[in-house]
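Remarks on the overall topology
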Amino acid sequence: MPTAIFGSIEAGAIYALMALGVYLSFRILDFPDLTVDGSFVTGASVAAVMIVGGYNPFLATMTALLAGFAAGCLTGLLHTKGKINALLSGILMMIALYSINLRIMGKSNVPLLSEETAITKLTAFWQELGIDQAIQSLIGALGMGFIPKTWGILILMLILAFAAKVLIDLFLKTDIGLAIRATGDNETMIRSFSADTDLLKIAGLGISNALVAFSGALVAQYNGFSDVGMGIGMIIIGLASVIIGEAIFGAKTIVRATLAVIGGAILYRIIVTLALRVEFLETGDMKLITAVIVIGALILPKLIQQQKEKQRKRRRLAEAKKTNAYGKSGEHLAAIKSDS
Amino acid sequence: MLTGKVVNILLQLNQIHKVFNEGTPDEKTALHRIDLHLKPGDFMTVIGSNGAGKSTLMNMISGKLIPDIGEVLVDGTDVTLVKEHKRSRLIGRVFQDPMAGTAPSMTIEENLAIAYSRTMARGLSKGVSKKRRDFFREKLEMLHLGLENRLSAKVGLLSGGERQALSLLMATFTEPKILLLDEHTAALDPARAELITSLTKEIVETYKLTTLMVTHNMQQALDLGNRLIMMDKGQIIFETNEDQKKELTVEKLLEEFQKIRGEKMSSDKAVLI
């Protein structure tokens, strides 16, 4: 059990990069970008093929990031210059990328288990540092039974996710960043302040999908394979992370929201891991579980809000009745009743 | 261009003509060969009934629409085919809807930073630097609304009047060549409208902005600015210069309109006042 949770936190940190990308398109640009399902695999495929081909895994990962950027820009072009509806341009890119990804890999699955990947290199680097031993002995002293193979991946991936978060935070506060945020918030306004909204959308979608592909490349190396089907439902997973994160950690400011997205991504992995432990659920049910989680995260906050509203109304009604008992007219009472 | 640098004319519309839905039963000539010249510092008010072509005229200047015939020149440069966002480096705009001119989920200072970088190429420097923040605070004091103490409040939390005041400031404090005001007080209650009107006057005078203001309110059209035009059916049907405008009253304006449009008067009166 602890091993599974530990693994889900590790994976959550890697998927957090994808979730940050989804946050950029969905929340900042207000653009429901379904390219994600395709660009995630593009990242994985490019990295996998390059690693198998003998390139440095870090170079392969960075190339994957650029490929994602290009895919996002294409979606942006379809939408802004081709005047295609936002959802549709994402779907079109997603479907096109499916074939492109197959072309990149040349087959539907590229195994990486025997290759030297960024993950194995980082693990080796970490073990040289000897921090693991220190943590292990600390945990041993605390008397906890569970000892993971290495802390390296977890810590390094968390550092990476936070680095991405901080970069996004800073970027969204620059002049260009502010203009991108305004594009998602009020397009008429930003256009009247000399911003080319087409270009900003294209760039924003590019950056978003670059993060997604980067995450895809790392996930392929973490899992030990790239598969053409690994992106199915990725946008929903990203969305689930964003929504869960925002619901639990809040999203008042950008700094808070991006932190919430990382938290949401990790939490999502934990929830799925726990859900799969339920006896009657199978691995194949994962997408269904994801859908249920997202639906829950979307509906629950509203239900809670409604419940609070009702309670407030009931209290007001009770107070009004009390005053009414002292001989006041029932008019405002009727008003309260009628608008409940 | 043949016209070259025309001294002393900041905004020049030559023979602007626009037909909507051409060749269909809904065909409508929105603007009929309009000529308009504004000198630096001119403040022109535009009145006219619904469908007179006032908004189309504004959209021609801002670049939202492109004329079928004719040309738009700003400071001697032909901008007829220059895209809206590029043109807005030169042109400040305030819309009728108080929600339209600001980004609600961003803070006051972030909105001001967006307006501040209107005239430059946006880069990766910090949007709200300390220096800029001081500048914003100083500018916000002009509004007398206490917004200078709420720099990090989200604009969505402000009232309609406050948002419109902020929009006005954002459109003007970078001193655009031309300021377009499109019925910018029409959606506000009388007290707020009064406030925005007086702020408009103050700001336009401070920066000596060349301004074009569309309004439905005749009294406002007379109180503000040094020139006035009346539009109807895509044409300018009445125009006054500075001296004539001082003499004008709402009654005289209505009389003038009646003389030109005769029988239509009774139905338009309600709209115009």
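This is a predicted model, so every value here is computed, not measured.

1. So, the overall build of chain B
A count of helices and strands for chain B gives 10 helices and 10 strands. Here the C-alpha radius of gyration of chain B, 19 Å, is about what a compact globule of 273 residues would show, namely 19 Å. With the C-alpha coordinates of chain B rotated into their principal frame, the extents come out at 60 × 45 × 40 Å. Across the 273 residues in chain B, those meeting the buried criterion constitute 42%. Residue pairs at least 24 apart in sequence account for 69% of intrachain contacts in chain B once pairs closer than 6 positions are excluded.

2. A short note on the sheet that holds strand β7 (residues 178–182) of chain B
All names here are of chain B. Taking strand neighbours across the sheet as the criterion, the six strands line up as β6-β7-β8-β3-β9-β10 in an open arrangement whose pairing is mixed. Pairing within the sheet leaves two strands with one partner each, and these edge strands are β6 (91–94) and β10 (235–240). In this sheet, adjacent strand axes meet at a mean angle of 20 degrees when their direction is disregarded. Here strand β3 (residues 43–48) pairs with strand β9 (residues 227–232) via five bridges, running parallel. Counted as the bridge partner of I47 is M230 from β9.

3. Let's talk about the environment of L298 of chain A
Relative to the assigned elements, L298 of chain A resides in helix α13 (residues 286–325). Exposure remark for L298 of chain A: the 13 C-beta atoms within 10 Å place this residue in the partly exposed category.

4. Some words on the sheet that holds strand β2 (residues 28–38) of chain B
All names here are of chain B. Spatial ordering of the open sheet is given by β2-β1-β4-β5, a layout of four strands whose pairing is antiparallel. Each of the sheet's edge strands pairs with one partner strand only, and the pair in question is β2 and β5 (77–78). When strand β1 (residues 11–20) meets β2, the two strands line up antiparallel, connected through seven bridges. If you follow F20 over to β2, its bridge partner there is K28.

5. Considering the interface of chain A and chain B
Interface size is commonly expressed as the accessible area that is lost once the parts come together. Tallying the contact residues gives 20 residues for chain A and 25 residues for chain B. Looking at the side of chain A that touches chain B, the elements with two or more residues in it are α8 (175–185) and α9 (187–191) of chain A. Top contributing element to the side of chain A that touches chain B by residue count: α8 of chain A, with eight residues. Here the side of chain A that touches chain B is composed, by residue class, of eight nonpolar, six polar and six charged.

6. Looking at the UniProt feature "transmembrane region" (unreviewed entry) in chain A
Residues and elements named next belong to chain A. Taking the UniProt record as the reference, the feature "transmembrane region" (unreviewed entry) is found at residues 6–26, 58–78, 85–104, 151–172, 199–222, 228–250, 257–276 and 288–304. Here residues 6–26 runs as 100% helix and 0% strand, with 29 Å between its end C-alpha atoms. Measuring from the first to the last C-alpha atom of residues 151–172 gives 32 Å, for a span that is 91% helix and 0% strand.

7. A few points about unusual backbone geometry
The phi dihedral of K83 of chain A falls on the positive side, at around 55 degrees, and the residue is not glycine. Considering the arrangement of structural elements, one finds K83 of chain A in the loop between α3 (57–80) and α4 (86–105). Residue K83 of chain A is classed as exposed on the basis of its C-beta count, with 8 C-beta atoms lying within 10 Å. Within the chain, R33 of chain B stands out as a residue other than glycine whose phi angle is a positive 40 degrees.

8. A word on the UniProt feature "domain: ABC transporter" (unreviewed entry) in chain B
Residues annotated in UniProt with the feature "domain: ABC transporter" (unreviewed entry) correspond here to residues 11–258 of chain B. The span residues 11–258 of chain B carries 34% helix and 25% strand; its end-to-end C-alpha distance comes to 30 Å.

9. Comments concerning the packing of helix α7 (residues 152–171) of chain A against helix α12 (residues 254–277) of chain A
All names here are of chain A. In contact at an axis separation of 10 Å, α7 and α12 are set at 155 degrees when each is read in the N-to-C sense. In this view, α7 runs roughly antiparallel relative to α12, as classed from their interaxial angle. The handedness of the crossing between α7 and α12 comes out as right-handed. Across the interface between the two elements, A161, K165, I168 and D169 of α7 pack against I254, V255, T258, L259 and I262 of α12. The residue inventory of the contact of α7 with α12, partitioned by class, reads six nonpolar, one polar and two charged.

Calculation criteria
- Residues numbered from 1 in each chain as written.
- Chains lettered and ligands numbered in written order.
- Predicted model: local features only at pLDDT ≥ 70, side-chain atom pairs only at ≥ 80, totals over all residues.
- Helix = DSSP H or I, 4+ residues; strand = E, 2+ residues; numbered from the N terminus.
- Rg over C-alpha atoms; globule rule 2.2 N^0.38 Å.
- Buried ≥ 20, exposed ≤ 12 C-beta atoms within 10 Å, placed from the backbone.
- Contact = placed C-beta atoms within 7 Å.
- Pairing = 2+ DSSP bridges.
- Axes fitted to C-alpha atoms, helices over the stretch in contact; angles between N-to-C directions.
- Nonpolar A, V, L, I, M, F, W, Y, C, P; charged D, E, K, R; others polar.
- UniProt positions renumbered as here; feature names shortened; annotations may be inferred.
- Parallel < 35°, antiparallel > 145°, perpendicular 65-115°, else oblique.
- Left-handed = near helix turned anticlockwise from the far one by under 90°.

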